[in-house]
Amino acid sequence: MPMGFPVAGFESGLGYRAAPGDIFVATYPKCGTTWMQYIVWLLVRGRSLGADDRLTELFPHLEEVGADTIGTLPQPRLIKTHLSASLVPWNTDAKYVWVVRNPFDCAVSFFHHTRGFVHHYDFADGTFDDFFECFIEGRVDFGDYFDHLLSWYARKDEANVLFVTYEAMHADARSVIVDVATFLGGTALETAEDAARVDWIAAETSFGSMRRDQRRWSSERPPGMPDFVRKGGIGDWRSCFSPEQAARLVEAFERRTAGTGAAALWPEILAEARRYAYGA
Ligand code: A3P
């Protein structure tokens with residue numbers, strides 16, 4: 001857990017009883033949580049966030065705020081979580097939008113996040129090399145990337161789980177918005193059939209738009225630290241990874257996903273990482 005999160009919130013969050021109608025956005029950190037939260041927010045609540053709104057209050061993080069705060073949310077409750085599928089409160093009549101991102105870009109994004117949140121981490125001067133050792137050993141907030149990936153992957157075909165990749169959002173956000181609207185049903189379904197509303201949500205949740213008024217999603221960063229909505233996209237991992245680090249993460253990916261469908265995720269990124277690592 002981030003050191004700024006109260007332990008009581010975590011314990012209470014674990015004990016939350018998920019209710020029919022609850023909508024969870026479930027991710028490992030830095031995999032597009034906030035982007036998906038804002039899509040879900042717009043689909044369900046139908047209004048954009050103003051500069052003084054705070055997504056963390058309107059769509060809170062379960063294991064930060066605990067069950068009581070979640071219980072006060074209006075229906076349907078919109079809940080963020082980084083818990084693995086084995087720990088997350090489960091209800092077959094709740095919905096879980098699960099977003100994953102390739103581990104290379106995730107690690108780099110997580111590194112910048114850890115540098116920038118100076119009140120949560122003592123890592124402002126940390127290097128990527130330091131962070132990489134923590135990441136590959138699973139000694140980072142919310143634990144090991146692959147444990148999280150595999151726990152959710154095992155549930156991805158359940159009727160109340162929608163599996164989305166950050167890379168698919170990046171390739172075609174409109175299609176993902178329609179998929180999420182269809183999955184959520186209810187009033188969100190009207191958006192799935194309304195091209196102008198899909199356009200509006202795509203514009204509101206575009207990278208450029210979400211870079212504005214970042215206090216809507218994040219506490220302010222000290223000068224010189226990376227923004228929360230930082231760079232976006234795919235492939236920034238090469239700015240930080242050495243070939244040797246890429247080889248180690250490729251090996252971890254292959255070893256940990258072997259024998260599961262997750263091994264087939266991100267074939268192009270894995271191929272590129274192998275080329276970068278081995279020069280082949
Ligand atoms: P980078 O650090 O690679 O830029 P999370 O919300 O899970 O913490 O994920 C944060 C990552 O999602 C950051 O990645 C951030 O820039 C990216 N992101 C946030 N909003 C985005 C958007 N609208 N489009 C593309 N990427 C977005």
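Here the structure is a predicted model, which is why all the values come from computation and not from measurement.

A few words now on the overall build of the chain. Helix and strand counts for the chain stand at 15 helices and 4 strands. In terms of overall size, the chain behaves like a compact globule, its C-alpha atoms giving a radius of gyration of 18 Å where 280 residues would be expected to give roughly 19 Å. Its C-alpha atoms give the chain principal-axis dimensions of roughly 50 × 35 × 35 Å. Accessible area of the chain: about 12100 Å², with a carbon and sulfur share of 52%. Of the side-chain charges in the chain, 28 are positive and 38 negative, and the distance between the mean point of each set is 2 Å.

Let us now look at the sheet that holds strand E1 (residues 23-27). Here we have 4 strands laid out as an open sheet, ordered E2-E1-E3-E4, and parallel in their pairing. Looking at the sheet topology across the chains shown, the edges are occupied by strand E2 (78-81) and strand E4 (161-165). Neighbour-to-neighbour, the strand axes of the sheet open up by a mean angle of 20°, direction not taken into account. With 4 bridges connecting them, E1 and E2 associate as parallel partners. Paired with Phe24 across the bridge in E2 is Ile79. Where helix H2 (residues 33-45) meets the sheet, its contacts fall on E1, E2, strand E3 (95-100) and E4, and the angle it forms with E1 comes to roughly 165°.

With that out of the way, let us pick up the site of the ligand. Neighbouring residues of the ligand: 18 residues in total, closest Thr33, Thr34, Ser109, Lys231 and Gly232. The separation between an oxygen atom of the ligand and a polar side-chain atom of Lys30 is 2.8 Å. Cys31 has a polar backbone atom sitting 3.1 Å from an oxygen atom of the ligand. A molecule is said to occupy a pocket when more than half its atoms come within 2 Å of that pocket's grid points, and by this definition the ligand occupies the largest pocket. Elements with a minimum of two residues in the shell around the ligand: H2 and helix H13 (207-211). Tallying contributions element by element places H2 first for the shell around the ligand, with 3 residues. Across the shell around the ligand, the residue classes tally to 7 nonpolar, 7 polar and 4 charged.

The geometry of an aromatic ring pair is captured by two quantities: the separation of the ring centres and the angle between the planes. Using the criterion set out here, one finds 31 aromatic pairs in the structure. Judged by centre distance (6.1 Å) and plane angle (45°), the rings of Phe128 and Phe132 are tilted. Linking Phe128 with Phe132, this pair stays in helix H7 (residues 128-136), spanning 4 residues, or about one helical turn. For the pair shown, Phe128 and Phe132 are each scored as buried. Ring centres 6.0 Å apart and planes at 45° place the aromatic pair Phe135 and Tyr145 in the tilted group. Linking Phe135 in helix H7 with Tyr145 in helix H8 (residues 145-153), this pair joins segments that are 10 residues apart in sequence. Each member of the pair, Phe135 as well as Tyr145, carries the same accessibility label: buried. A cation over an aromatic ring shows up here: Arg101 above the ring of Tyr166, its NZ or CZ 3.9 Å from the ring centre.

With respect to the secondary-structure elements, Phe183 resides in helix H10 (residues 173-184). Among residues more than four places away in sequence, those in contact with Phe183 are Lys95, Tyr96, Val97, Ala159, Asn160, Val161 and Leu162.

So, how was this worked out
- Residues numbered from 1 in each chain as written.
- Predicted model: local features only at pLDDT ≥ 70, side-chain atom pairs only at ≥ 80, totals over all residues.
- Heavy atoms only, no water.
- Helix = DSSP H or I, 4+ residues; strand = E, 2+ residues; numbered from the N terminus.
- Rg over C-alpha atoms; globule rule 2.2 N^0.38 Å.
- Areas by Shrake-Rupley, 256 points an atom, 1.4 Å probe, with all protein chains shown as cover.
- Lys, Arg positive; Asp, Glu negative; His and termini not counted.
- Charge placed at Lys NZ, Arg CZ, Asp CG, Glu CD.
- Pairing = 2+ DSSP bridges.
- Axes fitted to C-alpha atoms, helices over the stretch in contact; angles between N-to-C directions.
- Contact = heavy atoms within 4.5 Å.
- Near = heavy atom within 4 Å.
- Polar contact = N/O pair within 3.5 Å; in protein donor to acceptor, adjacent residues only side chain to side chain.
- 1 Å grid on protein atoms, 1.4 Å probe; cavity = no way out; pocket = protein on both sides within 12 Å on 5 of 7 lines; lining within 4 Å.
- Sits in = over half its atoms within 2 Å of the grid points.
- Nonpolar A, V, L, I, M, F, W, Y, C, P; charged D, E, K, R; others polar.
- Phe/Tyr/Trp six-rings, centres within 6.5 Å; stacked < 30°, edge-to-face > 60°.
- Buried < 20%, exposed > 50% of the residue type's maximum accessible area, 1.4 Å probe, protein only.
- Lys NZ or Arg CZ within 6 Å of the ring centre and 35° of its normal.

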